[in-house]
Amino acid sequence: KMSLMAVTLGLGSTAVFASEDGGDAPMYSSPSRCDDCQESFKVKVHVPEKCEIKIKHPILFLKEGTTANNYFDVKTNAKYNLKVWSDNPATGQNKAKAIGPGGHVGLTYVTTSGMGQGSQNIILGTQKNGLAKGETKYKVAVTADNAGWQDAGWYEDKYNVQVSF
């Protein structure tokens, strides 16, 4: 039960449809004339920044007075910022301390990006900005000071790596 009302005004005509429930129905008018009609819309897909950090050895064991190396890889799809820091920083560049039963043992962290030419040092406790996207390998050389007559036992610190965009 749809009602149709046609009104003729001059050369054109308009049709108005009313729905059964009394609500407004779409109104249609004569289409305009065109030989080739075309329209478009853009499609945009957002790919967020992504990163992956892989640390070679989750725990690095070393004896007092020695140096040991650990490695980590950073993989990103955008330029990134890198920050490395110690849970127990000490006075001096790249200095930290491992805490244990007799106090602490001094540590030195030397973090280097890349291997060979073009490598650069990342200073402990600072952030390096605008690093190139892709995959970068980092080497961390950790040196434990000679502990002298510190109490025997394990002394511990944590080296942290953070990537931000």
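Cut-offs applied
- The residue numbering used here restarts from 1 in each chain and proceeds along that chain's sequence as written.
- In keeping with the predicted nature of the model, local features appear solely for residues at pLDDT of at least 70, side-chain atom pairs appear and are counted solely at 80 or more, and the whole-chain, interface and lining totals rest on all residues.
- Based on all heavy atoms of the structure, the side-chain values leave hydrogens and waters out of the count.
- One speaks of a salt bridge when a side-chain nitrogen belonging to Lys or Arg is within 4 Å of a carboxyl oxygen belonging to Asp or Glu.
- The secondary structure listing takes helices from DSSP runs of H or I that are at least 4 residues long and strands from runs of E that are at least 2 residues long, numbered from the N terminus.
- Whenever two N or O atoms come within 3.5 Å, that pair is a polar contact, provided that in protein one can donate a hydrogen and the other can accept it, and provided that, for residues adjacent in sequence, both atoms are side-chain atoms.
- By definition in these notes, contact holds between two residues if any of their heavy atoms fall within 4.5 Å.
- Two strands are counted as paired when DSSP detects at least two bridges linking them.
- As a rule, the C-alpha atoms of each element are fitted with a line to give its axis, helices using only the stretch in contact, and angles between N-to-C directions run from 0 to 180 degrees.
- A pair of aromatic rings is counted whenever rings of Phe, Tyr or Trp (Trp by its six-membered ring) have centres within 6.5 Å, and the orientation is called stacked for planes under 30 degrees apart, edge-to-face for over 60 and tilted otherwise.
- Accessibility here uses a 1.4 Å probe with only protein chains present; expressed as a share of the type maximum, an area under 20% marks a residue as buried, one over 50% as exposed, and anything in between as partly exposed.

(A) Inspection of the pattern of salt bridges at higher detail. On inspection of all chains with the given rule, the structure shows 3 salt bridges. For K54, the salt bridge identified is with E52, shortest N-O distance 3.7 Å. K137 serves as the salt-bridge partner of D73, at 3.4 Å between the closest nitrogen and oxygen. Here D73 is found in strand β4 (residues 67-76), whereas its partner K137 is found in strand β10 (residues 134-144), with 64 residues between them in sequence.

(B) Focus on the side chain of T108. Tracing the backbone shows T108 in strand β7 (residues 103-113). There is a polar contact of 2.9 Å between the side chain of T108 and the side chain of K95. Apart from the residues within four sequence positions on either side, T108 is in contact with N94, K95, A141, V142 and T143.

(C) Layout of the sheet that holds strand β9 (residues 127-131). Here we have 3 strands laid out as an open sheet, ordered β9-β5-β11, and antiparallel in their pairing. Either end of the sheet is taken by a strand with one partner, and the two such strands are β9 and β11 (159-164). Each adjacent strand pair in this sheet contributes to an overall mean axis angle of 20 degrees, direction not counted. Relative to β9, strand β5 (residues 80-86) runs antiparallel, the two being bridged by 3 bridges. Each residue of the ladder has a partner; that of K83, found in β9, is Q127.

(D) Focus on unusual backbone geometry. A positive phi angle, close to 65 degrees, is found at N94, a residue other than glycine. As for its placement among the helices and strands, N94 is situated in the loop between β5 and β6 (95-100).

(E) Molecular detail of the packing of aromatic side chains. Tallying each qualifying case throughout the model produces 4 aromatic pairs. Here F72 and Y159 contribute two aromatic rings whose centre-to-centre distance is 6.3 Å and whose plane-to-plane angle is 50 degrees, an arrangement assigned as tilted. Of this pair, F72 sits in strand β4 while Y159 sits in strand β11, and the two are 87 residues apart along the sequence. Here the aromatic rings of Y109 and Y159 are separated by 5.1 Å at their centres, their planes lie at 40 degrees, and the arrangement is tilted. Placement of the pair is Y109 in strand β7 and Y159 in strand β11, with a sequence separation of 50 residues. Here the two residues Y109 and Y159 agree in accessibility, since each one is buried.

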